[in-house]
Each structure stands twice: as structure tokens, then as C-alpha cells.
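Single-letter residue listing:
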Amino acid sequence: MFDEYSYLIYLLIFTLIPTGIVWIRYHKFLWLNRKIIISMGIFGILYQLIADPFAEHWQAWFFSKDKVLGLWIFNFPIENTLFIMLVSLAISSAALVLLRHFSKTRV
């Protein structure tokens, strides 16, 4: 449908919209915890650099060259790095909000 922009468009839709909603609602709290959130994004990218080559070698998944932009980091498309980072940011933001919500000490 979107040709080489398919992966990029879908990952932006399914990561930025939910993360944006959480950030709009809890922006003050999340901004205070931005170091944790950013470090999780960096950790996600480092994990990708270690784990993805194994997954590709074992043929756990592959990237269709006609669905990605064509910019590659090592053996995977730039969209995959963006995906890992955005998902890490989304999960860490949601986890902090849930921890705050269910914690009596209010992290």
C-alpha cells in the first residue's frame, strides 16, 4: 500500500499515537523521569545490536527490501532501529505511569 514507506508508516502509527496519548496525559511526571525513559531507549538499541544478528541468522524474521527505505545499519533497516527505540520509550513511559498509579509511595 505505501511501498517502501510501509514499515515506517505503520511503526509510526502504532508507536507514536499511543505514546503521545500517554505523554499528553502524564507529561509532567514523565518529563521528571526522562532520564529513565531515554536510557531505556538506548538500552533497546543496544539490545537490538546484539540480538537481531542472531535472529536474522536463524531466520526468525527478515526484512522485505521493497517495504523499507533502504537505509541499513549493519544488517537491518533503519526503520527497525527506530521501532526498537520507540517501543522501548513507549513501554518505559507506560511502566512508569502504571507504577505511579499502583504505588502507594507515588514514585
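Rules used in this analysis
Residues numbered from 1 in each chain as written. Predicted model: local features only at pLDDT ≥ 70, side-chain atom pairs only at ≥ 80, totals over all residues. Heavy atoms only, no water. Helix = DSSP H or I, 4+ residues; strand = E, 2+ residues; numbered from the N terminus. Buried < 20%, exposed > 50% of the residue type's maximum accessible area, 1.4 Å probe, protein only. Contact = heavy atoms within 4.5 Å. Areas by Shrake-Rupley, 256 points an atom, 1.4 Å probe, with all protein chains shown as cover. Lys, Arg positive; Asp, Glu negative; His and termini not counted. Charge placed at Lys NZ, Arg CZ, Asp CG, Glu CD. Phe/Tyr/Trp six-rings, centres within 6.5 Å; stacked < 30°, edge-to-face > 60°. Lys NZ or Arg CZ within 6 Å of the ring centre and 35° of its normal. Expected span 1.5 Å × (residues − 1). Bend = angle between axes of the 7 residues up to and from the residue. Patch = residues over 30% accessible without salt bridge, like charges linked within 9 Å, V, L, I, M, F, W, Y side chains within 5 Å. Salt bridge = Lys/Arg side-chain N within 4 Å of Asp/Glu carboxyl O. Axes fitted to C-alpha atoms, helices over the stretch in contact; angles between N-to-C directions. Parallel < 35°, antiparallel > 145°, perpendicular 65-115°, else oblique. Left-handed = near helix turned anticlockwise from the far one by under 90°.

Peer 1: Before we go on, may I ask you to explain the overall build of the chain in this structure?
Peer 2: The secondary structure content of the chain amounts to three helices and two strands. When the elements of the chain are put in sequence order from the N terminus, they spell out α-α-β-β-α. Referenced to the eigenvectors of the C-alpha coordinate spread, the extents of the chain come out at roughly 50 × 30 × 20 Å. The proportion of buried residues among the 107 residues of the chain is 28%. Relative to all contacts within the chain whose residues are 6 or more apart in sequence, the contacts with residues 24 or more apart total 70%. As presented, the chain carries roughly 7,700 Å² of accessible surface, and 73% of it is formed by carbon and sulfur atoms. Averaged over its 9 positive side-chain charges, the chain has a centre that lies 28 Å from the centre of its 6 negative ones.

Peer 1: Before we go on, may I ask you to explain the packing of aromatic side chains in this structure?
Peer 2: By convention here, two paired aromatic rings are described through the distance between centres and the angle between planes. According to the stated counting rule, one finds one aromatic pair in the structure shown. Between the NZ or CZ atom of Arg100 and the centre of the ring of Phe29, over which it lies, the distance is 5.0 Å.

Peer 1: Hey, could you run me through helix H2 (residues 34–57) in this one?
Peer 2: Compared with the 34 Å implied by 1.5 Å per residue over 24 residues, the 35 Å span of H2 between its first and last C-alpha is a close match. The largest bend along H2 reaches roughly 35° and is located at Ala51, with the proline Pro53 sitting one to four residues downstream. Looking at the buried positions of H2, the neighbouring elements they touch are helix H1 (6–32), strand E2 (76–77) and helix H3 (78–102). Looking one or two residues beyond H2, the residue adopting positive phi is Gln59, at roughly 60°.

Peer 1: Looking at this structure, I do not really get a nonpolar patch on the surface. What am I missing?
Peer 2: A cluster of nonpolar side chains, namely Ile38, Ile42, Leu46, Leu49, Ile50, Phe54, Trp58 and Phe74, defines an oily patch on the protein surface of about 920 Å² accessible area. Mapping Ile38 onto the fold places it in helix H2.

Peer 1: So what exactly am I meant to see when it comes to the packing of H2 against H3 here?
Peer 2: Two numbers describe a pair of packed helices, the interaxial angle and the distance between the axes. Contact pair H2 / H3: the axes reach a minimum separation of 8 Å and the direction vectors enclose 140°. On the basis of the axis angle, H2 is oblique to H3. Of the two elements, H2 crosses H3, and the hand of that crossing is right-handed. Every residue of H3 that contacts H2 at Ile36, Ile37, Ile38, Met40, Gly41, Gly44, Ile45, Gln48 and Asp52 is listed here: Asn80, Thr81, Ile84, Met85, Ser88, Leu89, Ser92, Ser93 and Leu96.

Peer 1: What is the right way to look at unusual backbone geometry in this model?
Peer 2: Phi is mostly negative for residues that are not glycine, and the peptide bonds are mostly trans. The backbone of Gln59 sits at a positive phi, close to 60°, despite the residue not being glycine. Counting through the fold element by element, Gln59 comes out in the loop between H2 and strand E1 (72–73).

Peer 1: Is there a simple way to think about the environment of Leu86 in this case?
Peer 2: Its location among the elements puts Leu86 in helix H3. Taking the relative accessible area as the measure of exposure, Leu86 reaches 11% and is therefore buried. Residues Leu86 and Trp58 lie 28 residues apart in sequence; the distance between their C-alpha atoms is 25 Å. Beyond its immediate chain neighbours, meaning those up to four positions away, Leu86 contacts Leu11, Leu12, Thr15 and Leu16.

Peer 1: Please clarify how the side chain of Thr81 should be interpreted in this entry.
Peer 2: Take Thr81: it is sitting in helix H3. Setting aside residues no more than four positions away along its own chain, Thr81 makes contact with Ile45, Gln48, Ile73 and Phe76.

The values reported here are purely geometric and, on their own, carry no functional implication.
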